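One letter stands for each residue in the lines below.
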2 protein chains.
Amino acid sequence: MPADEWRPPSILLAVDLVILTLRDAHLTVLLVQRGTDPYRGALALPGGFLRDEHEDIEAAARRELSEEAGLADVHLEPLGVYGEPGRDPRGRVVSVAYLAISPHLPEPVAGTDAAGASWTPVDDALSATTALAFDHRRIIADGVERARAKLEHTALATAFCAETFTLSELQQVYEAVWGVELDPRNFYRKVQGARGFIVAEGPMRKPSNGRPARLFRAGPVKELYPPMTRP
Amino acid sequence: MPADEWRPPSILLAVDLVILTLRDAHLTVLLVQRGTDPYRGALALPGGFLRDEHEDIEAAARRELSEEAGLADVHLEPLGVYGEPGRDPRGRVVSVAYLAISPHLPEPVAGTDAAGASWTPVDDALSATTALAFDHRRIIADGVERARAKLEHTALATAFCAETFTLSELQQVYEAVWGVELDPRNFYRKVQGARGFIVAEGPMRKPSNGRPARLFRAGPVKELYPPMTRP
DNA sequence: TAAATAGTGTCTCTCAGACAATATCGA
DNA sequence: TCGATATTGTCTGAGAGACACTATTTA
């Protein structure tokens, strides 16, 4: 053992946020353009450092989300830790990533701190042609995979529809997030078989042609049984 | 914005290890007795601080495992982050937890640094009567749940058997980790139906009474299809 | 022989995927 | 009427759980 006293090293703790929503039938992620080095000008996840040593990590995530994107009241869930040495040229930075999946998120407001934020389809963000800061491509990929899995066994999808919705609208949510096409007839059977997932309402008219669809609303159940399995 | 320059706070980064093995048909976790404050004398997961600011987090986990328990060459997987303010009275400590699940782990050797380490059945560790340091009971619970899930869709269970094994020996692994009893007949059908999970060998004799059982060895597949579902 | 463990077969459900058939709208 | 979309139904096959039954050993 060393005679002189050893002290554990200090590191910097950051939070990064993967905010997913559906825009125009595409799964999109909120990205900000970096205004400072490193990676100045590149796209990055909203996030930042803990404000002070007593700040709760999830609270820091909410604060950054509010400051950088003007968003509040979203449900965050822990996604993972990213702490490889060298991932940030400024020093040893360990980042805790959070995931939010939410509909109805507003467009970032120009003229505010959120002006640098924008929605990017995840397919674009994950393609190698988009320049992303740090290891954020990996973090986004992990978040997208988590979102796809959540659609399978939770009632999350109904949150992306209006208060009442048709089953084909709900199907479009699944198709957009999973990136696959589903058979409407099997989808109907499956979604109706998940106990407490959706409850029937009245019928509606369709703006264009075709038979009018029944309306449903979200049921009381949050965990789906049986689950909606991905093809 | 403040006129004086703001600096992000420094925090301490720790690693904690949930090392699970099977001993005497019980799922057990490796715990060490703390020799220093805080929680001096209480049981805790092996772990500690990053040695220096350039050490990789998983490397730190391996080093602590070697120092505190004399173990090497185990497969570690990330389990989660635990960073609530106040979880450690020494200051702001964020811990990254790793999980290892392995058979054939040696008894900690007395007279070495590992002398303070011991195997504890997880049922004991999770019961409220055992005094555990920090939030380690929660971390252990998360690790056990992860282990149970891994048995469902990976071939991990064969690693807990000898090179050749009977199906009832394999069944005992599942029963010990899941903490349930399984129907041997349905277990046979299920395990044989998982393609590439096990391959047949010759028959063997049983030390006591009963019909001799066939021997199997681990197959080439690591991801089970179809999975072994928990009851 | 009996007791004990190993292994097979069978029955019934539930669910998945494919897809035929019917219902109800607008034009 | 037709074209489009919604909804129901049907068939087949895989897998789960319950459990009867057969097989092979030791005592």
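The following refers to the structure shown. On a predicted model such as this, the values are computed, not experimentally measured, just so you know.

1. Some details on the protein's contact with DNA strand D
- Near DNA strand D you find 24 residues, and of these A:Tyr188, A:Arg214, B:Arg185, B:Asn186 and B:Lys190 are the closest.
- Put simply, 57% of the atoms of DNA strand D that lie within 4 Å of the protein are in sugar or phosphate.
- Of all the secondary structure elements, the ones that give two or more residues to the surface near DNA strand D are helix 5 (184-193) of chain A together with helix 5 (184-193) of chain B.
- Top contributing element to the surface near DNA strand D by residue count: helix 5 of chain B, with four residues.
- Looking at the surface near DNA strand D, its residues break down into seven nonpolar, eight polar and nine charged.

2. A short note on the protein's contact with DNA strand C
- In the vicinity of DNA strand C there are 21 residues, among which A:Arg185, A:Asn186, B:Arg185, B:Tyr188 and B:Arg214 approach most closely.
- The share of sugar and phosphate among atoms of DNA strand C within 4 Å of the protein is 58%.
- Here A:Arg189 contributes a side-chain N or O atom positioned 3.0 Å from a base nitrogen of DNA strand C.
- With respect to DNA strand C, the side chain of B:Tyr188 contributes an N or O atom lying 2.6 Å from a phosphate oxygen.
- Of all elements in the fold, only helix 5 of chain A together with helix 5 of chain B reach the threshold of two or more residues within the surface near DNA strand C.

3. A look at the packing of helix 3 (residues 136-153) of chain B against helix 4 (residues 167-178) of chain B
Residues and elements named next belong to chain B.
- For the pair helix 3 and helix 4, the least separation of the axes is 9 Å and the interaxial angle reads 150°. It follows that helix 3 is roughly antiparallel to helix 4 by the angle criterion. Here the hand of the crossing between helix 3 and helix 4 comes out left-handed. Contacts between helix 3 and helix 4 involve Arg148, Leu151 and Glu152 from the former and Val173, Tyr174, Val177 and Trp178 from the latter.
- Its residues assigned to classes, the contact of helix 3 with helix 4 shows five nonpolar, no polar and two charged.

4. Considering the sheet that holds strand 8 (residues 164-165) of chain A
- Taken in spatial order, the three strands of this open sheet run 8-10-9 (chain A), and their pairing is antiparallel. Whereas interior strands pair on both sides, the edge strands pair on one side only; in this sheet they are strand 8 and strand 9 (198-203) of chain A.

5. Observations concerning the relation of the copies chain A and chain B
- Once chain A has been moved 0.0 Å along the axis and rotated by 180°, it coincides with chain B to within an RMSD of 0.1 Å. These values place the two chain copies in the arrangement generated by a two-fold rotation axis.

6. Structural notes on the pattern of salt bridges
Residues and elements named next belong to chain A.
- Counted according to the given criterion, the structure contains 34 salt bridges over all chains.
- Across the salt bridge formed by Glu152 and Arg230, the nearest N and O atoms sit 3.3 Å from each other. Highlighted residues: Glu152 in helix 3 (residues 136-153) and Arg230 in the segment after strand 10 (214-218), separated in sequence by 78 residues.
- The class of Arg230 is partly exposed, set by a relative accessible area of 29%.
- Across the pair Arg217 and Glu163 runs a salt bridge whose closest N-O atoms are separated by 3.1 Å. You can see Arg217 sitting in strand 10 and its partner Glu163 sitting in the loop between helix 3 and strand 8, a full 54 residues away along the chain.
- The exposure class assigned to Arg217 is partly exposed, which follows from its relative accessible area of 26%.

Criteria and cut-off values
- Residues numbered from 1 in each chain as written.
- Chains lettered and ligands numbered in written order.
- Predicted model: local features only at pLDDT ≥ 70, side-chain atom pairs only at ≥ 80, totals over all residues.
- Heavy atoms only, no water.
- Near = heavy atom within 4 Å.
- Helix = DSSP H or I, 4+ residues; strand = E, 2+ residues; numbered from the N terminus.
- Nonpolar A, V, L, I, M, F, W, Y, C, P; charged D, E, K, R; others polar.
- Polar contact = N/O pair within 3.5 Å; in protein donor to acceptor, adjacent residues only side chain to side chain.
- Axes fitted to C-alpha atoms, helices over the stretch in contact; angles between N-to-C directions.
- Parallel < 35°, antiparallel > 145°, perpendicular 65-115°, else oblique.
- Left-handed = near helix turned anticlockwise from the far one by under 90°.
- Contact = heavy atoms within 4.5 Å.
- Pairing = 2+ DSSP bridges.
- Least-squares fit on C-alpha atoms with pLDDT ≥ 70 in both.
- Salt bridge = Lys/Arg side-chain N within 4 Å of Asp/Glu carboxyl O.
- Buried < 20%, exposed > 50% of the residue type's maximum accessible area, 1.4 Å probe, protein only.

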